[in-house]
Amino acid sequence: MKRAWLLLTGLALAPLATGGFAQTMDFDKVEIITEQLGPNVYMLTGSSGLDPSHEDAAGGRIGVLAGPDGILMVDSQYAQLTNKVAAAVRRINAGPIRYLVNTHIHRDHTAGNANFAKMGAIIFAREELREGMVRLSKAPNAAGNPVADPAGFPVVTYGMGPPVKIHMNDEVVDLIPIRAAHTGGDTNIKFEKANVLFIGDFYRNYGYPFIDINNGGSLKGMLEGLDLTMKSADTNTKLIPGHGTIIKRDDFIPYRDMIVAVAGKVQQLIGQGKSLQEVLAAKVTAPYDAKTAGGTDESAVRFVTELYQELKGGK
Ligand SMILES: [Zn+2]
């Protein structure tokens, strides 16, 4: 059932407006790799070695549910890759792209929103995510930022509470709100029948966890999110992170333990009156560095800095 193939370019599609980020990335070289996860559920992953922010794969991963009722997508990638993503979706199914759900606000997951909305997709996301986009659109540097394009704002929003359910293609899609974890507006997306769960970025196995406190993320929410996700998955569920490799539910256990242990050490050092520089110098992630793939130095500094700021009680 599992098949993977390479999609080269979106030759059939006219170029779309992309918006200019200061990305040192050659979008032309990116290939979108499609992998089937279930009878009608797929994931699209950018090729590796091109995105300086994510060496393992360019941009954020996309989910696709395809069938006679049309297409539902999870996340929209960088705007510069819309043509290639749309071509990859078309290779799966030529039906209308009806719904787009965002796991969280980061531009490697949402910058293509406006492009897909203009193709007819209705965007679903957390209220907090929409508020973040509205805020961005009012920032002085908003022009040219595709995340700040009102055409890409979510149309249907929801807060914390029971999952929003979308019934299509003989599948039930649960949009499961996660309390402030990676960002303040995270959603897990579960395809019940296929038993596939897209978990955005609050878990990652490429580099250390990223708690984006500037966008509302929190350590407490991340631990709660891990617990909630473990409850909404069984041992066979395929968990699909926004970056990195596919995991199973029990992979969360050492990950959660690592977060709790590192946070505990940071808390202890704060208790001893240590400064951020001293805490960073203490290399509290050292026991985990060898086991953590990808850019550990930079992401360890980011992770420990976030923990310090949150545990110290202020940004
Ligand atoms: Zn992210």
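Refer to the structure above for everything that follows.
The numbers attached to residues start from 1 for each chain and follow its sequence in the written order. A pLDDT threshold of at least 70 governs which residues receive local features in this predicted model, and a stricter bar of 80 or more applies before side-chain atom pairs are shown or counted, although totals over entire chains, interfaces and linings include all residues. Here the side-chain values reflect all heavy atoms present in the structure, with hydrogen atoms and water set aside.

Moving on, we get to the nonpolar core. Residues enter a nonpolar core if they are buried and are Ala, Val, Leu, Ile, Met, Phe, Trp, Tyr or Cys, with the set joined through side-chain atoms within 4.5 Å. Three labels apply to residues, based on accessible area from a 1.4 Å probe with only protein chains included: buried if under 20% of the type maximum, exposed if over 50%, partly exposed otherwise in between. Ile199, Met258, Ile259, Val262, Val266, Phe303 and Leu307 are the most contacted members of the largest nonpolar core, which totals 35 residues. Helix and strand labels come from DSSP, where a helix needs a run of H or I of at least four residues and a strand needs a run of E of at least two; each type is numbered from the N terminus. Sorting the residues of this core by element identifies strand S10 (171–178), helix H5 (219–231), helix H6 (252–271), helix H7 (276–281) and helix H9 (296–312) as the ones contributing at least two each. Here the element with the most residues in this core is H6; it accounts for nine residues. The contact partners of Ile259, leaving out residues within four places of it in the chain, are Pro209, Leu219, Met222, Leu223, Leu226 and Phe303. Counting 24 residues, the second largest nonpolar core, distinct from the first, contains Val64, Ala66, Tyr78 and Ala86. Contact criterion: two residues are considered in contact whenever any of their non-hydrogen atoms come within 4.5 Å of each other.

As for its placement among the helices and strands, Thr110 is situated in helix H2 (residues 107–110). Residue class for Thr110 comes out buried when judged on its relative accessible area of 0%. For the pair Thr110 and Val74, spaced 36 residues apart in sequence, the C-alpha separation works out to 9.6 Å. Non-local contacts of Thr110, meaning those with residues more than four positions away in its chain, are made with Ser76, Gln77, Asn102, His104, Ile105, Met133 and Val147. A polar atom in the side chain of Thr110 sits 2.8 Å from the backbone oxygen of Ile105. Distance and chemistry together define a polar contact, namely a pair of N or O atoms within 3.5 Å, with one atom able to donate a hydrogen and the other to accept it when in protein, and with adjacent residues in sequence counting only for side-chain atoms on both sides.

In this section: the packing of aromatic side chains. Each Phe, Tyr or Trp ring, with Trp reduced to its six-membered ring, pairs with another whose centre is within 6.5 Å; inter-plane angles below 30 degrees give stacked pairs, above 60 give edge-to-face pairs, and intermediate values give tilted ones. Within the structure shown, the criterion is met by seven aromatic pairs. Judged by centre distance (5.5 Å) and plane angle (80°), the rings of Phe27 and Tyr78 are edge-to-face. Taken together, the residues Phe27 in the loop between strand S1 (4–7) and strand S2 (32–36) and Tyr78 in the loop between strand S5 (70–74) and helix H1 (82–92) connect sequence positions 51 residues apart. Across this residue pair, the class does not change: Phe27 and Tyr78 are buried. The structure contains a cluster of three or more aromatic residues connected by ring pairs, namely Phe202, Tyr203, Phe252 and Tyr255. Criterion for a charge above a ring: Lys NZ or Arg CZ within 6 Å of the ring centre, and within 35 degrees of the ring normal. Sitting over the ring of Phe210, Arg302 keeps its end group 3.8 Å from the ring centre.

Another aspect to go through is a nonpolar patch on the surface. Candidates for patches are residues over 30% relative accessible area with no salt bridge; among them, like charges are joined within 9 Å and nonpolar side chains (Val, Leu, Ile, Met, Phe, Trp, Tyr) within 5 Å. Shrake-Rupley sampling with a 1.4 Å probe provides the accessible areas, and residues are treated as covered by the protein chains on show and by no other component. A side-chain nitrogen of Lys or Arg and a carboxyl oxygen of Asp or Glu constitute a salt bridge if their distance falls within 4 Å. Together, Ile122, Val155 and Val156 give the surface a local cluster of nonpolar side chains, amounting to about 230 Å² of exposed area. Of note, Val155 is situated in the loop between helix H4 (127–137) and strand S8 (156–158).

Another aspect to go through is the environment of Leu100. Here Leu100 shows up in strand S6 (residues 97–101). For the pair Leu100 and Val74, spaced 26 residues apart in sequence, the C-alpha to C-alpha distance is 5.8 Å. The residues touching Leu100, leaving out its near neighbours within four places in the chain, are Met73, Val74, Asp75, Ser76, Asn113, Phe116, Ala121, Ile122, Ile123 and Phe124.

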